Amino acid sequence: MTDREITPVILCGGSGTRLWPVSRKSFPKQFISLIGEGSLYQQSSTRLSGPGYGAPMIVTNSDFRFIATQQLAEAGLDPGAVLIEPQARNTAPALLAAALVRMQSDPDALMLAAPSDHYITQADKFRESVQRGVDAAIAGQIVTFGILPDRPETGYGYLEVGEGSHGAAVPLKRFVEKPKLADAERMLSAGGYLWNAGIFMYTARTLVDAYAAHAPQMLEHVQAAVDGARPDLGFLRLDPEAWARCEDISVDFAIMEKVSNLSVIEHHGDWSDLGGWTAVHQHADTDANGVALQGAAMALDCTNSLLRSENAGQQIVGLGLDGIVAVAMPDAVLIAHRDRVADVGNVVKEMRKRDIPQADTFPKDHRPWGFFETLILGGRFQVKRIVVTPGAALSLQSHVHRSEHWIVVAGTARVTIDDKVQLVCENESVFIPLGAVHRMENPGKVPMELIEVQTGSYLGEDDIIRYEDVYARGQGAKG
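Treat the numbers as computed from the prediction; the structure is a model and nothing was measured.

## Structural notes on helix α8 (residues 216–227)
An ideal rise of 1.5 Å per residue puts 16 Å on 12 residues; α8 measures up with 16 Å between its terminal C-alpha atoms. Every buried residue of α8 is listed here: Met218, Leu219, His221, Val222, Ala225 and Val226. Tucked into the core, α8 has its buried residues touching α3 (91–103), α7 (204–214) and α9 (240–244).

In structure tokens, the structure reads:
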């Protein structure tokens, strides 16, 4: 075994819907404090840090780039390269882009690719499993990690493993797609099958060689996207034209099911992809009746249920429930039987067909300078709460269709309106006329909070013309 440093590759550009209404396209589950301390992304990044691990490479999209770096900073971690995908193209192009960038400094760099939304509490055991695969990866194997099944699960893919010594990397016979219940029961009884965790370790050179052999066209397009990438405030934006030519495909289908140098390590510890509310319930603390309560929730005469409130001012009460999942957000509530929560993703699709905004967006919108949330929305007015972190500033901007009135309720704002700059303190207010070029900044050392009242004929977030922006965003709602 070697003490070679491992470069983690954290994929955090996905937009899961199976945990709606807590997880949505605008702020998906990997960035949420869903269970345990910190977000799943922070837990994953922390788990793959410390002795033996280098700075993580992050692959995400433009909307999440500041969230990803901010949450790493909150966890006390500094990233290596942060790659920005111009559009979602699944895991095969994402992992190849990371390998090509890493090869620029070290073709034989050892890399560990992991999703950002898995739940693993026994971090030491997981790192032990990773170490057991290091020698095989250095020797040119692509090492994947499997979980010993404890039930006939139909929601996971499986790995059929070959013969080998206990604890070492063994050959992979084949991938098995998500099975029917009878097949899952058969595999559990027969042994020799593991759940596919979707975690891979390899050298950068090994992975690129695999693409050269089995997906040469993708290698051509991703190489062009990396060659044409441009730095942007510490991020690396992959070339959009080249990236658009990449096939939208997972790394399993593109590469892993085709290579002959794939080995498996059996992970002896807990693991879940938290793919739905049933999984969250399974891993949450429950009482003697199987009831899990999270947030402002109370249960009376309930059994085998999950009750969760995301707002301290919004109490959820269950009475006489059995096998129910109830999740309350300020703008949406899910109530479902545990047997039906696997269909939540289909519910979100139906909401999109009906143009229901709660399908994808929250009242609370995270930005690089802080966040805002809509408190009241009328036909020609909107009331928002805006929080700006210390030292942060919104873009210098104007609006075509609305005026704004700002009332500072905590901290101090430095406000620019056309040629005038002024400090607005707590309990003071300022008016921004329609068309005025304006900006707010927080010059203090504590968060600045204000109430914004908008009035006008159109109140959409895309009614923004940016003139200057410290975060180098373009035009549009988020830039």
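## Let's talk about α3
Between its terminal C-alpha atoms α3 stretches 18 Å, which fits the 18 Å expected from 13 residues at 1.5 Å a residue. Counting buried positions along α3 yields 11 of 13 residues, so the element is predominantly enclosed. Among the residues of α3, Ala92, Pro93, Ala94, Leu95, Leu96, Ala97, Ala98, Ala99, Leu100, Val101 and Arg102 are the ones counted as buried.

## Quick look at the UniProt feature "domain: Mannose-6-phosphate isomerase type II C-terminal" (unreviewed entry) in the protein
Under the feature "domain: Mannose-6-phosphate isomerase type II C-terminal" (unreviewed entry), the UniProt entry names residues 362–469. Along residues 362–469 one finds 0% helix and 58% strand; the C-alpha atoms at either end are 24 Å apart.

## Points about the side chain of glutamate 452
With respect to the element layout, glutamate 452 can be found in strand β27 (residues 448–456). No salt bridge is formed by the buried glutamate 452. Its closest oppositely charged neighbour is lysine 384, at 4.1 Å. Within the local environment of glutamate 452, its side chain forms a polar contact with the side chain of glutamine 454, the two groups lying 2.7 Å apart. In this structure, glutamate 452 is in contact with Gln382, Val383, Lys384, Ile386, Glu404, His405 and Trp406, ignoring residues within four places of it in sequence.

## Description of the domain arrangement of the protein
For the protein, the domain assignment lists domain 1 (7–267), domain 2 (277–354) and domain 3 (364–468). For domain 2 and domain 3, the distance between their C-alpha centres works out to 35 Å.

## Side note on the pattern of salt bridges
One pass over the structure, following the stated rule, counts 20 salt bridges. With its nearest N and O atoms 2.9 Å apart, the salt bridge here joins glutamate 350 to arginine 354. Residues joined in a network through salt bridges with shared partners are Asp365, Arg367, Lys384 and Glu461.

## Comments concerning a nonpolar patch on the surface
A surface patch of nonpolar side chains, amounting to about 370 Å² of accessible area, comprises Met298, Leu300, Val317 and Leu319. Broken down by secondary-structure element, the contributors of at least two residues to the nonpolar patch are β13 (297–300) and β15 (316–319). Structurally, the position occupied by valine 317 is in strand β15. Residue class for valine 317 comes out partly exposed when judged on its relative accessible area of 47%.

## Thoughts on the nonpolar core
Grouped together as the largest cluster of nonpolar side chains are 88 residues, with contacts concentrated most on Leu34, Leu112, Met201 and Trp277. With 5 residues, strand β8 (residues 193–203) is the largest single contributor of residues to this core. Look past the residues within four positions of tryptophan 277 in its chain and what remains in contact with it is Arg18, Leu19, Trp20, Val22, Leu34, Leu306, Arg308, Val325, Val327, Leu334 and Val341. Membership of the second largest hydrophobic core comes to 49 residues, among which are Ala92, Ala229, Val259 and Val264.

What counts, and where the lines are drawn
- Residues numbered from 1 in each chain as written.
- Predicted model: local features only at pLDDT ≥ 70, side-chain atom pairs only at ≥ 80, totals over all residues.
- Heavy atoms only, no water.
- Helix = DSSP H or I, 4+ residues; strand = E, 2+ residues; numbered from the N terminus.
- Expected span 1.5 Å × (residues − 1).
- Buried < 20%, exposed > 50% of the residue type's maximum accessible area, 1.4 Å probe, protein only.
- Contact = heavy atoms within 4.5 Å.
- UniProt positions renumbered as here; feature names shortened; annotations may be inferred.
- Lys, Arg positive; Asp, Glu negative; His and termini not counted.
- Salt bridge = Lys/Arg side-chain N within 4 Å of Asp/Glu carboxyl O.
- Polar contact = N/O pair within 3.5 Å; in protein donor to acceptor, adjacent residues only side chain to side chain.
- Domains from an automatic or database assignment.
- Patch = residues over 30% accessible without salt bridge, like charges linked within 9 Å, V, L, I, M, F, W, Y side chains within 5 Å.
- Areas by Shrake-Rupley, 256 points an atom, 1.4 Å probe, with all protein chains shown as cover.
- Core = buried A, V, L, I, M, F, W, Y, C linked by side-chain atoms within 4.5 Å.

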